[in-house]
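# Overview (structure and organization)
Listed here are the chains, written in short residue letters.
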Amino acid sequence: DTGVSQNPRHKITKRGQNVTFRCDPISEHNRLYWYRQTLGQGPEFLTYFQNEAQLEKSRLLSDRFSAERPKGSFSTLEIQRTEQGDSAMYLCASSLSGAYRGEQYFGPGTRLTVT
Amino acid sequence: GNSVTQMEGPVTLSEEAFLTINCTYTATGYPSLFWYVQYPGEGLQLLLKATKADDKGSNKGFEATYRKETTSFHLEKGSVQVSDSAVYFCAPYSSASKIIFGSGTRLSIRP
């Protein structure tokens, strides 16, 4: 068990560029979550997958954001036409559907800075 | 929907002091309650949990008791260490898939 991994760990981009982040969950976990955390705040839910199906999306996930989990394993989060307000830590978590769903295991996050 | 209010930080204590971080929540139904911890430079980790009224979650010397009558889940530790310096998040979880996190309480322990 290597835990949840996220790549890259840091990303600096210019406003208007597209960025993509990757999350590899714990291998036997069928649920995968994306959160966003800004400085001094708790993580905010963005979206959630069970296997390859995206089951819930937050209102925070504007049409510039898209997430995929094509084979039910790793997931990608893409932000198009980045804005300075997108600067945040993007967290991925995974869990087993049979476990208490609050017991999610988090990756180290990808810190995005939009200049 | 669910919401949580936790003690504002930062909280600064001396080593071996007693710690309490207050947390109250509002939730529909009967939520499970969690404390997550975020150490500097690391991802969020589940610290402890309680799933029904009067349950006590415990881990690494930390404890929290599920108080349904006061909708609270205060985190306590009898003797803190420098290594406990981190940000602590209270998090109720009920029927929705997402966890609702509080704003976090930053704890700093002086040697």
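Before reading on, note that the structure itself is shown above.
Just so we're clear, the structure is a prediction, and the values are computed from it rather than from any experiment.

Turning next to the layout of surface pockets. The computed volume of the largest pocket comes to approximately 600 Å³. Lining the largest pocket are 28 residues, with Gln-37 and Leu-39 of chain A together with Gln-38, Val-87 and Arg-106 of chain B positioned closest to its centre. Looking at the lining of the largest pocket, the elements that each hand over two or more residues are strand 9 (88-95) of chain A together with strand 10 (86-93) and strand 11 (105-110) of chain B. Top contributing element to the lining of the largest pocket by residue count: strand 11 of chain B, with 4 residues. Looking at the lining of the largest pocket residue by residue, the classes come out as 10 nonpolar, 14 polar and 4 charged.

To continue, consider unusual backbone geometry. Going from Asn-7 of chain A to Pro-8 of chain A, the amide bond is cis rather than trans, its omega being -10 degrees. Following the sequence through the fold, Pro-8 of chain A ends up in the loop between strand 1 (5-7) and strand 2 (10-13). In this chain, Gly-9 of chain B is followed by Pro-10 of chain B through a cis amide linkage whose omega measures -5 degrees. Considering the arrangement of structural elements, one finds Pro-10 of chain B in the loop between strand 1 (3-6) and strand 2 (11-14). Phi angles above zero are rare outside glycine, and Arg-81 of chain A is one such case at about 50 degrees. Mapped onto the fold, Arg-81 of chain A is located in the loop between strand 8 (75-79) and strand 9. Relative accessible area serves as the criterion here: at 45%, Arg-81 of chain A is assigned to the partly exposed category. Backbone geometry places Glu-16 of chain B, a non-glycine residue, at a positive phi of 75 degrees. Its place among the elements puts Glu-16 of chain B in the loop between strand 2 and strand 3 (19-21).

Basis of the calculations
- Residues numbered from 1 in each chain as written.
- Chains lettered and ligands numbered in written order.
- Predicted model: local features only at pLDDT ≥ 70, side-chain atom pairs only at ≥ 80, totals over all residues.
- Heavy atoms only, no water.
- 1 Å grid on protein atoms, 1.4 Å probe; cavity = no way out; pocket = protein on both sides within 12 Å on 5 of 7 lines; lining within 4 Å.
- Points joined across faces, edges and corners; volume = space filled by probe spheres on them.
- Helix = DSSP H or I, 4+ residues; strand = E, 2+ residues; numbered from the N terminus.
- Nonpolar A, V, L, I, M, F, W, Y, C, P; charged D, E, K, R; others polar.
- Buried < 20%, exposed > 50% of the residue type's maximum accessible area, 1.4 Å probe, protein only.

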